[in-house]
Amino acid sequence: MRQVVGTPSRERRGRARRAIGLTAVAALLPVVLAGCSLDDAFYLGWPRTRPTDQSEQMFDLWVGSTIAALAVGVVVWGLIFWCVAAYKKKDSDTELPRQTHYNLPAELTFTALPFVLIGILFYYTVIVQDNVTELSEQPKACTEVTAFKWNWQFTYTDENCEALTGADGQPVTETGDSDYIPIIVVPNEDDVRFVGNAEDVIHSFWVPDLLFKRDLIPGGDAQTTQWEVDFNSEGTFVGRCAELCGAYHAFMNFEMRVVSPEDYETFVNARVEGATTPEALELIGQDPYATTTHPFNTDPASGEAS
Ligand SMILES: [Cu+2]
């Protein structure tokens, strides 16, 4: 026998209000406890600056997916709470209500709808992923990235990714050590390529603002990996190793400077002619040393490394 839903009692309304209040507090707690502003909460941990076209596309994909997931969530939560409220067992209920198992149209809908949603997400993911992994026929600039325990070496190259030779007859490189954060300078242009390798164990090139990381796997040419980005703004960004590679993995930082193409040209020419990185950076009006991170003392005796 189907029961007619009666007018909720005052007590029940009070309980509902308390439940809504508790839900609101629970939703706000993470924001308050994490010490974030409401503005930060809506960024969901993503960096504010996204200096490449690829990072903008990835951010848009994430925001779109989150909104779609929230919309599905609101519908599901709405249906759950509606059922709980509308079909709650009342004292006057003496029989089970009408049972509606095996409703074929409803079950077909619930099966087909997720496939449609997954299909839409898959479609946009593939488009963005293709753009992120795409390589141009001819990059506008190229740099070699070599990771080793526990630092980075960058080798400046021409547009064909052939190492540039300096005044001393050696490749023009930038190498970090325990006292020096290496700085990689790149032009604010489209199609800037990186050619990555690892010397010893697996490392991972990661610039959080680019929303991009790529594992660097030892194994010589067979494991060489390449990626490209289209920069859309200048700036200074911290870089890190994103693969747990050993004792000083966490200290394996570098800095990326995105400068105008003219400054990049001036910088690279100065390096080829024998200037050090700090000297060449000062020549283009940049800070000579890293500003986003600093060297860590890796001497265990100092106590700072732990
Ligand atoms: Cu590493």
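Going by the structure above, here's the rest.
Residue numbers restart at each chain and count upward from 1, following the sequence in its written direction. Under the rules for a predicted model, residues below a pLDDT of 70 receive no local features and side-chain atom pairs below 80 are neither given nor counted, while totals for whole chains, interfaces and linings still include all residues.

(A) The pairing of strand β6 (residues 203–207), seen in detail. Here the C-beta atoms are placed from the backbone, and a residue counts as buried if at least 20 other C-beta atoms lie within 10 Å of its own, exposed if 12 or fewer do, and partly exposed otherwise. By definition, any uninterrupted DSSP run of H or I lasting at least four residues is a helix, any uninterrupted run of E lasting at least two residues is a strand, and each is numbered from the N terminus. Burial analysis of β6 places four of its five residues in the buried class, which makes it a mostly covered element. For two strands to be treated as a pair, DSSP must find at least two bridges joining them. Of the pairings in the sheet, the one linking β6 to strand β7 (residues 212–216) comprises five bridges and is antiparallel in character. Counterpart to H203 in the pairing with β7 is L216. Hairpin connection from β6 to β7: four residues lie between these consecutive antiparallel strands, with L211 at a positive phi of about 55°. In this sheet, strand β9 (residues 235–241) lies alongside β6 in antiparallel orientation, the contact comprising two bridges. Each bridged residue has a counterpart across the sheet, and for F205 the counterpart in β9 is C241.

(B) Expanded view of the sheet that holds strand β4 (residues 183–187). A sheet is described by the order of its strands in space; here five strands give the open sequence β4-β10-β9-β6-β7, paired in mixed fashion. The open sheet has two edge strands with one neighbour each: β4 and β7. Averaged over all pairs of adjacent strands, the angle between their axes in this sheet comes to 25°, without regard to strand direction. Bridge analysis of β9 against strand β10 (residues 254–259) gives five bridges, and the strand direction is antiparallel. Note on β10: the bridge partner recorded for G239 is F254. C-beta atoms are placed from the backbone for every residue, and two residues are taken to be in contact when these atoms lie within 7 Å. Interaxial angle, 0 to 180 degrees, is taken between N-to-C directions of lines fitted to C-alpha atoms, where a helix line uses only the stretch in contact. In the packing of helix α5 (residues 261–272) onto the sheet, contacts are made with β4 and β10, and the angle to β4 comes to roughly 130°.

(C) Molecular detail of the environment of S204. Mapped onto the elements of the fold, S204 is located in strand β6. Sequence separation between S204 and L244 is 40 residues, and the spatial gap between their C-alpha atoms is 8.6 Å. Beyond its immediate sequence surroundings of up to four residues, S204 is in contact with K213, R214, D215, L216, C241, A242 and E243.

(D) Summary view of the packing of helix α3 (residues 53–86) against helix α4 (residues 104–133). At a closest axis distance of 9 Å, the pairing of α3 and α4 adopts a crossing angle of 170°. Between α3 and α4, the interaxial angle falls into the category roughly antiparallel. On the side of α3, the interface is formed by Q54, Q57, M58, L61, G64, S65 and V72, while α4 contributes L117, L121, Y124, T125, V128, N131 and V132. Residues are grouped as follows: Ala, Val, Leu, Ile, Met, Phe, Trp, Tyr, Cys and Pro are nonpolar; Asp, Glu, Lys and Arg are charged; every other residue, Gly included, is polar. Residue composition of the contact of α3 with α4, by class: eight nonpolar, six polar and no charged. Oblique is the label for any angle not under 35 degrees, not over 145, and not in the 65 to 115 range, which are roughly parallel, roughly antiparallel and roughly perpendicular in turn.

(E) Representation of the nonpolar core in the model. Think of a nonpolar core as buried Ala, Val, Leu, Ile, Met, Phe, Trp, Tyr and Cys residues chained together by C-beta atoms that fall within 7 Å. Of all hydrophobic cores here, the largest spans 40 residues; its most connected members are A147, I183, I184, V185, V186, Y264 and F267. Excluding its chain neighbours within four sequence positions, the residues that come into contact with I183 are E174, F254, E255, R257, T277, L281 and A290.

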